[in-house]
Structure formats: C-alpha cells, structure tokens
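Residues per chain, in single letters:
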Amino acid sequence: MAKPVSDQESEKARWEQETLKPFLAKNGERCERFITVSDEEIERLATSEDIRDVDYERDLGDPGEYPFTRGVYPNMYRGRLWTMRQFAGFGGPEETNQRFKYLIEHGQTGLSTAFDMPTLMGLDSDAELSLGEVGVEGVAIDTMHDFEILFDGIPLDQVSTSFTINPSAPVIYAMYIAMADQQGVPRSMIRGTIQNDMLKEFIAQKEWVVPPRPSVDLIADIFEYGIKETPKFNLISISGYHIREAGSTAVQELAFTLADGMAYVEAGMQRGLDIDDFAPQLSFFFNSHNSLFEEIAKFRAARRIWARVMRERYGAKNPRSWMLKFHTQTAGCSLTEQQPLNNIIRVTIQAMAAVLGGTQSLHTNSYDEALALPTEDAARIALRTQQIIAFESGAADTVDPLAGSYFIENLTSRVEEQTMDYINRIDKMGDGSILEGVLRGIEDGFFQREIAQAAYLYQQQVERGDQIIVGVNKYAMRDGMRPNLLRIDPDVEKRQLKRLKKTKSERDNPKAKACLDALREAIEAKENSMPYIVEAVKAYASVGEIMSVCREVYGAYREPAMI
Amino acid sequence: MKKIRILMAKAGLDGHDRGVKVVARALRDAGLEVIYSGLHNTPEQIVRAALQEDVDVIGVSILSGAHMTLLPKIRELMAKNGMDDVILMGGGIIPDEDKSNLEKLGVKGLFGPGASTQEIVEFIKSEVGKQPQRV
C-alpha cells in the first residue's frame, strides 16, 4: 500500500518508492554508477524538483541579454550560422599559401593557420631542437620573407586570419601588421585572431620561451598596442581546449580557462587599460567531448559565469564586455586509432553539443587524426559533418532548444557551482587576485597535478571497463581498416634551411642587429615591446632571433619534471 | 629480484605529456622504478640520462611526427655507448609503416593510442626477463 504524500517535495520520493523500487527489484540496471567522461555521476531522473532554484530572469535571461545563458545573439543561427573554420597548415609557406588560395577560391574567407613546432616554440628551423620537426605539424616560418610567401596574392583587407600561436605570438602578430603595411592595407582594417594565451601553455599545452610572469607582460603589451592599432583583431583566444586534451574534466577545463581569462582582465587593468576598451576583443576556445549533455551544460554555464564576473567583479559596463564568445573544436583525445571510421560518429555528437551550446565557430576533427595529419578526403568529411548539422538536423533553426529541460538546467547549475568552487580556490591562492592565484598555481604545479590526476583516473576507468570506448575496450576487432595517411615532403626542411640562410646573408645585417638591440633596450626599460618587434620583423630579423632577445632579458623557462 | 628501472622521456619540442605521465604512473604502481625526464630533450640528453641512471629500459614519447628522426638517432647513440642490453621503446602517434621500419632498427615495443597500461607493463616485464642478467 502506498504511503501518504505529506508535501510536494516528496513527489520524486513517492515515485521512487511506489513505481521504481518494485521495478528495480525485478530488473536491475546496467551498472551501479552512470558517469560522464569527466566522472560526473548522472542521476536516473531529473524532475521539476531539481530546478527549483533556477530563476529564469536571473539565471537564464532571454537570448542576447544578460547573463547570456541562452546565447549571445537574439536569434542565434537563424541569422548567420556559426563560422566553419577548419585549421590547416603543413610543409613550407608555399604549400600553405596554395591551400589558402584553394580555400578562398571555394568561398572561404576565414583562414586558420597551423605552425610547426619550431615556430611555435620561438626557434628557427636551424636550431638543434628543430631537428625532424620543420614543417611537420604545420607551416614553418622563420622570417618575414616566409610570411611574404605565405600571403602572396592574398589581400589582407578581404580575409580574416586566425593564428594558433602562443610564445611567438608577438612576432607573428607583428609580421601580419608588417604584411598589411606592405600591401597598403590600413592596420585598422585587418581582421583575425592570435591565440596568445600563455597561461594555458604553462598549465597544459607546454609551449613556452620565457617564464610565466614576463609572458603575461608581453600579452599586456599586445593588448595595449592592439586596441589602438588593430581594433578589429582579436588579441587573445583564451583556451580550454588544450587543458581538456591534457586530461582534465569538463569542470576543470571551464574553471581553469575562465580563471585564465580573469587573470588577463586583471593584467590589462593593471596596465591602466579601461576594461571596456579591451574586453570586447577577448575571445574563448573550448573543447567538445563525448558526453553530449555535460558539454552543452558547460557552454551554457561558461556564458553565465563570464557575464557575472565581468559585470559584478570587474565592473564592466559595456554589454559586449559581458558576452563570452567562443570557438569550439571537437575532442582530438576522444578519437581512436582502432576502427577509425567510428570517429566520424564521435565528431558528429561533439559538434552537435557545440551547436546546441551556442558556439560562434567550429572546427570538426578528421577521423584519421589518431593516426596522422588529416588527408583531404578526411578533412572534407569533417566539414560535411558541420554542414549536415547546419542544414539537415534542424538544430540551427531555433535558439537554445534545450533550455528548460530539468536535466540540462540542473546540470548547467551543477557545472557552474563546481566551476565557481575552483575559481574561489584560485582566488584564495592569490589572496584576492586571480592573476596571482593562477601564477602561483602554475609555480606549485597545482593545475598540472589536478589534470594529471583526472587523466590517470580516466585511464583506469577505461581499463576497468567503467568507461566504454567502442572498438577499443568493447567490440574490438583484430585487424581494423587502415586508411591512407598524409605524408610530409622531406624536402621542406632542406628548402626552409636554404631560404633562412639566404635571407640572413642578403638582409641589411647592421639594421637587423640595431632593431634587435633596440628591442632589448625597450624590454629592459619596460617599454611596450610591440613597436620594436614590428620594426625588427621588417628588417627580416627571425622568429628565433627576436625570441632570443626576450629569453636573454627574462630568462628561459623550464618546467620542473613531475609525474 | 632487482626492480626494473625505466627512463620515461619526452624528445624534441613536443609538449604532449598526458600519455607519458599516465604510463609513468601506471609503471610506478606496477612496481617499476620510473625516472621522468621532463619535456624538450635532445637525443643526446636522453641517452646521457639513461647512462647516468643505469636504466634497463628507455621509453620515449613522441606525438609531433618527429619519431622517424629522433628514435633512430637515439638508437644510434645507444649503440655508440655500448648500451646493447638496454631496451628502447616508443609511444605516440606512429603509423604502421614507420612502426615496422623502427622495429627493424631495434626499437622493441611501439604503443599507440588506445594501448592499455597493463599491456605495456606486461611487455616490459617479459622483455627485460629475456635480457641476460646484468652485473
């Protein structure tokens, strides 16, 4: 006989007692704990009781209005679809220039550049550590001469270019400005993005030249210079992508990324900049993994938290400063080498999460990326995946379709709460300054440990079968299909070394040296480094030479090795 | 029995250290003595560290595509230093064709994405067991 219901709170309890319990007694469930890839336990059923604390006006708001949980634009994708921005770059500047022209011919106006490891680490192609890495993971750039080849025949007033570059971001940004000057395009017209997010490098991606604090100083130089010189250019892309790839949970990805964002806001304000002058030029970059609903909740929570901290903590007044706009890439770490075609389905689910979560642009990974850089066929299927979601699924036809779902709203609140716990912890570590808290966390290895711990836990769950990966620990096959792979021409390295040697011998060497000396003096005198870097690239000083000056003044960074 | 000593190393400019850290921890949990090099090492630095630490195994992690340059270089330096009894292993994104070429050069175990840490532990134990007892 059913027990009487005393108040409305126990409706769920009543259901559990009367309907669920006898059913479970007979049938059982697939496992004891149902978890996301981030080990977040998911409950059997969400009901109205789980969103009692959610207030529509306060916590959601209408789309295009504070706190932007439902999206940054009033009509979202009914106006303009997200930008389908596929990342490309390999070999020398000649090959990448050809790929850029091919993309432009086919109607793409947003270019996205991948660099090789030496360029990313501020080294020239002839450095000892560059051996075997020149042009392999992306395009090799040593001097302005390479940059002229990369953008040959591409008018900078007609494209927007994204550069995935961090420690050497000041040099690449300077080259883009020098390129605009050369083409006669006003600097105020150039559009694009530099990633320029060093804090996440120390936390996760591990590309660096100088230590964390001077790295932040160089970023503040770019803010100060860029808001005046290139107002249409995004000066930073604050990235959680690499934090997640390094093994973090969804909450850690969001918390550490937003903390980095807050740290940059504080660095800009310490430089004496008005928050509303630079905050609209900040953008974000997130990962999208397999747990569909957790990812959607993460994106919605991201907007809500950012709007609140920008308005309430930092006092930003311009609504554009409150809006969190972001790029998404599907999770490379989720792709399997085994049965690689299965990856197309994973990418589809992840891309769907990004769209349902309101992303501004999206890169979908190619199915062969656990094996090598993508072939043209694989890259095309990845792009088609986005087009099918855009035009066939209906997901882009209404704004924030999952709002109001008991499960999604509850999960969004949970992600927000756990993220704020981390942010408050970082705030305490910095005695009330997020910038200091993040720097201390990097020095102490706090972030690195939290991420490594999550990565190890996940691997153990996979090996115990608590996390199922189809084709790997379930439904495995002995001999899978092996797709054709992209191979990099070994001549690229030789060609690059030859050109670097030629440039260094043919340039006005006293002038190049004078520019590098002037840069050194400026950094020592704590002047803004950007005007000097622009002059140095115009004198054909190399990426390695310019970054060496920074290294000489600030010292080199080496991470303490810890497991 | 003497504990197996292994140097886990990151070679070249590649900063992807998720895999190397997970494997290092699993090996330590399985009772091996693990030395981790940290990031950004040249082949010379790796071989020097392996000599100094007197390891049984060197495990090199490379996800940047430079494996066909760096692993043969390490193998060459090992031969030059008379390290015939040290096993060289690799992990990362390494295409099948490269795997067989590296195996021909004497790289013993190459593990890609999706390999389980248990598999790696068992492989090391069995390979070290095959080596003549070191004095």
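Above this text is the structure in question.
Let me begin by describing the structure that accompanies this report. (Residues numbered from 1 in each chain as written. Chains lettered and ligands numbered in written order. Predicted model: local features only at pLDDT ≥ 70, side-chain atom pairs only at ≥ 80, totals over all residues. Heavy atoms only, no water.)

## Points about the overall build of chain B
- On a plain count of helices and strands, chain B comes out with 5 helices and 5 strands.
- In terms of overall dimensions, chain B is globule-like: its C-alpha atoms have a radius of gyration of 13 Å, near the 14 Å expected for 135 residues.
- Taking the principal axes of the C-alpha coordinates as reference, chain B spans close to 35 × 30 × 25 Å.
- In chain B, the proportion of contacts linking residues at least 24 apart, taken out of those at least 6 apart, comes to 73%.
- For chain B, the accessible surface area stands at approximately 5800 Å², while carbon and sulfur atoms represent 51% of it.
- If you average the places of the 18 positive and of the 18 negative side-chain charges in chain B, the two averages end up 4 Å apart. (Helix = DSSP H or I, 4+ residues; strand = E, 2+ residues; numbered from the N terminus. Rg over C-alpha atoms; globule rule 2.2 N^0.38 Å. Contact = heavy atoms within 4.5 Å. Areas by Shrake-Rupley, 256 points an atom, 1.4 Å probe, with all protein chains shown as cover. Lys, Arg positive; Asp, Glu negative; His and termini not counted. Charge placed at Lys NZ, Arg CZ, Asp CG, Glu CD.)

## Observations concerning the pairing of strand 1 (residues 5-10) of chain B
All names here are of chain B.
- Here strand 1 lies mainly inside the structure; 6 of its 6 residues are buried.
- Where burial is concerned, the two faces of strand 1 agree: the one with Arg5, Leu7 and Ala9 and the one with Ile6, Met8 and Lys10 are both buried.
- Summarising the sheet, strand 1 and strand 2 (residues 33-36) pair through 4 bridges and their orientation is parallel. Looking at strand 2, one finds that Arg5 is bridged to Glu33.
- In this fold, strand 1 hands off to helix 1 (residues 18-29), which returns the chain to strand 2; that crossover is right-handed. (Buried < 20%, exposed > 50% of the residue type's maximum accessible area, 1.4 Å probe, protein only. Pairing = 2+ DSSP bridges. Right-handed = clockwise from strand over helix to strand, strands pointing away.)

## A short note on the packing of helix 10 (residues 250-270) of chain A against helix 17 (residues 434-444) of chain A
Residue and element names in this part refer to chain A.
- Two numbers describe how helix 10 lies on helix 17: the axes approach to 7 Å, and their chain directions differ by 125°. Judged on the interaxial angle alone, helix 17 and helix 10 are oblique. Where helix 10 crosses over helix 17, the handedness of that crossing is left-handed. Contacts from Ala259, Asp260, Met262, Ala263, Glu266, Ala267 and Gln270 of helix 10 reach helix 17 at Ile434, Leu435 and Val438.
- Grouping the constituent residues of the contact of helix 10 with helix 17 by class yields 7 nonpolar, 1 polar and 2 charged. (Axes fitted to C-alpha atoms, helices over the stretch in contact; angles between N-to-C directions. Parallel < 35°, antiparallel > 145°, perpendicular 65-115°, else oblique. Left-handed = near helix turned anticlockwise from the far one by under 90°. Nonpolar A, V, L, I, M, F, W, Y, C, P; charged D, E, K, R; others polar.)

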